[in-house]
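Structural description and commentary
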Amino acid sequence: MKNALLFALPLMMLTAPAFGQSGAAYEAKYADASIDRGFIVSHAETLGEGEIALNSYQLALAGISYGITDDLQITLTTLLPIMKDMPIVLAPQVKWAFFRTDHQVLTAKMNVNYATMPGESGGGGSVSGGLSHDFYFDDEGRYAMFSGFDIGGVFGHLEDDWDMGDGLIMAANLGFSAQVTDYMKVMGETILPAVYADGKLEVSEIVNFTYGLRFFGDDLAADLGFIRPLGKDANDLDLVMGIPYVAFTARI
């Protein structure tokens, strides 16, 4: 199944309760430089107004995020040209936290992902949208659950045998984090993709599971983990712990 992404969901117009300068969500937001994301998936939280975050994923992808307001964030991610004839990849995202309480954040997001392939004319990608929800179990923001759902459509052309534009592609994610010291979290997240085409919904038989540690402060964070596909077909990959994964964030 091809990896593609999502289409805009109608925004739920909710009136958010007053959100003061306290509570679990507030404590977590300003303690962790990478609070707006997990290992791979986007979380509901946003950067503060005027803040900038620089991200690096697997040393090959780079991203920059900017907090327009305390609840509105834009991000651009791209593939670094570390080798000759690499594809051009551009992935902008807009994220709006439209509902907040002391223990939860609910966000609507829209993504565009575009890529070209060396030697191919044109390119393709996806337009997507979804909802993300962060929930903190304790008043200090040390233990949390993160969930989300995305749905979208694809466009363009990337390969001779892949003409995009038919059906919808969806993905659900669920993750947890537990802060075990003042500067370290244990984290895990799963992603389950699905596709709807020709009147049928097909759910992937492989779940992507990422787990590991986050070392964090209010201006720097580093993720060290493993990406481990799970499912009956994943046993043929000869992976024990999984594929090593690293990511870094600097908030300025």
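Moving on, we get to the overall build of the protein. Secondary structure summary: the protein contains one helix and 14 strands in total. Partitioning the contacts of the protein with sequence separation of at least 6, the portion at a separation of at least 24 is 53%. As displayed, the protein offers around 12,900 Å² of accessible surface, 64% of which is attributable to carbon and sulfur atoms.

Take a negative patch on the surface next. On the surface, E27, D102, D139 and E140 cluster together to form a negatively charged patch. Following the sequence through the fold, E140 ends up in the loop between β6 (123–136) and β7 (143–159).

This part is about the pattern of salt bridges. In total, this model carries 10 salt bridges according to the counting rule given. R251 is the salt-bridge partner of E51, the closest N and O atoms lying 3.5 Å from each other. Taken together, the residues span a long stretch of sequence, with E51 in the loop between α1 (24–29) and β1 (52–57) and R251 in strand β14 (residues 243–251) at a distance of 200 residues. A residue is classified by how much of its surface remains accessible, and R251, at 8% relative accessible area, is buried.

This brings us to the packing of aromatic side chains. The final tally for this structure, using the stated rule, is seven aromatic pairs. Taking the centre distance of 5.3 Å and the plane angle of 40° together, the rings of W96 and F98 count as tilted. Relative accessible area serves as the criterion here: at 5%, F98 is assigned to the buried category. Measuring from centroid to centroid gives 5.2 Å for F135 and F137, while their planes differ by 85°, and the two rings are edge-to-face. Among the aromatic side chains, those forming a connected cluster through ring pairs are F209, Y211 and F226. For K185, the ring lying beneath its charged end belongs to F216, and the centroid distance is 4.9 Å.

This paragraph deals with the confidence of the model for the protein. Per-residue pLDDT for the protein averages 86, and the proportion of residues at 70 or more is 85%. In the model, residues 1–19 has pLDDT below 50 throughout and makes 62 contacts with residues more than four positions away in sequence or in other chains.

Grouped together as the largest cluster of nonpolar side chains are 10 residues: A24, A25, A28, I35, A44, A97, V105, Y136, A144 and F146. Of all the secondary structure elements, the ones that give two or more residues to this core are α1 and β7. Here this core gets three residues from one element, more than from any other, and that element is α1. Listed in part, the six residues of the second largest apolar core include F39, Y57, M187 and A247.

Calculation notes
- In every chain, residue numbers begin from 1 and rise along the written sequence.
- Local features in this predicted model are restricted to residues of pLDDT 70 or higher, and side-chain atom pairs are both shown and tallied only at a pLDDT of 80 or more, whereas totals for entire chains, interfaces and linings draw on every residue.
- The side-chain values count all of the structure's non-hydrogen atoms but skip hydrogen atoms and water molecules.
- In this description a helix means any DSSP run of H or I spanning at least four residues, a strand means any run of E spanning at least two, and both kinds are numbered starting from the N terminus.
- Throughout, a contact is declared for two residues whenever any of their heavy atoms are within 4.5 Å.
- In short, Shrake-Rupley with a 1.4 Å probe defines the accessible areas, and a residue's cover is counted only from the protein chains shown.
- For patch detection, residues must exceed 30% relative accessible area and be free of salt bridges, and they are connected within 9 Å for like charges or within 5 Å for nonpolar side chains (Val, Leu, Ile, Met, Phe, Trp, Tyr).
- Salt bridges are defined as contacts in which a side-chain nitrogen from Lys or Arg sits within 4 Å of a carboxyl oxygen from Asp or Glu.
- None of His or the chain ends enter the tally, which takes Lys and Arg as positive and Asp and Glu as negative.
- Note on charges: their place is set at NZ of Lys, CZ of Arg, CG of Asp or CD of Glu.
- For every residue, the accessible area obtained with a 1.4 Å probe (protein chains only) is divided by the maximum for its type, and the residue is called buried under 20%, exposed over 50%, and partly exposed between those limits.
- Here the aromatic set is Phe, Tyr and Trp, taking the six-membered ring for Trp, and pairing holds for ring centres within 6.5 Å; pairs whose planes are under 30 degrees apart are stacked, those over 60 apart are edge-to-face, and all others are tilted.
- Put simply, a charge is over a ring when the Lys NZ or the Arg CZ is close to the ring centre, within 6 Å, and near the line of the ring normal, within 35 degrees.
- The quantity known as pLDDT measures the predictor's confidence residue by residue, on a range of 0 to 100.
- Throughout this description, the term nonpolar core refers to a set of buried Ala, Val, Leu, Ile, Met, Phe, Trp, Tyr and Cys residues connected via side-chain atoms within 4.5 Å.

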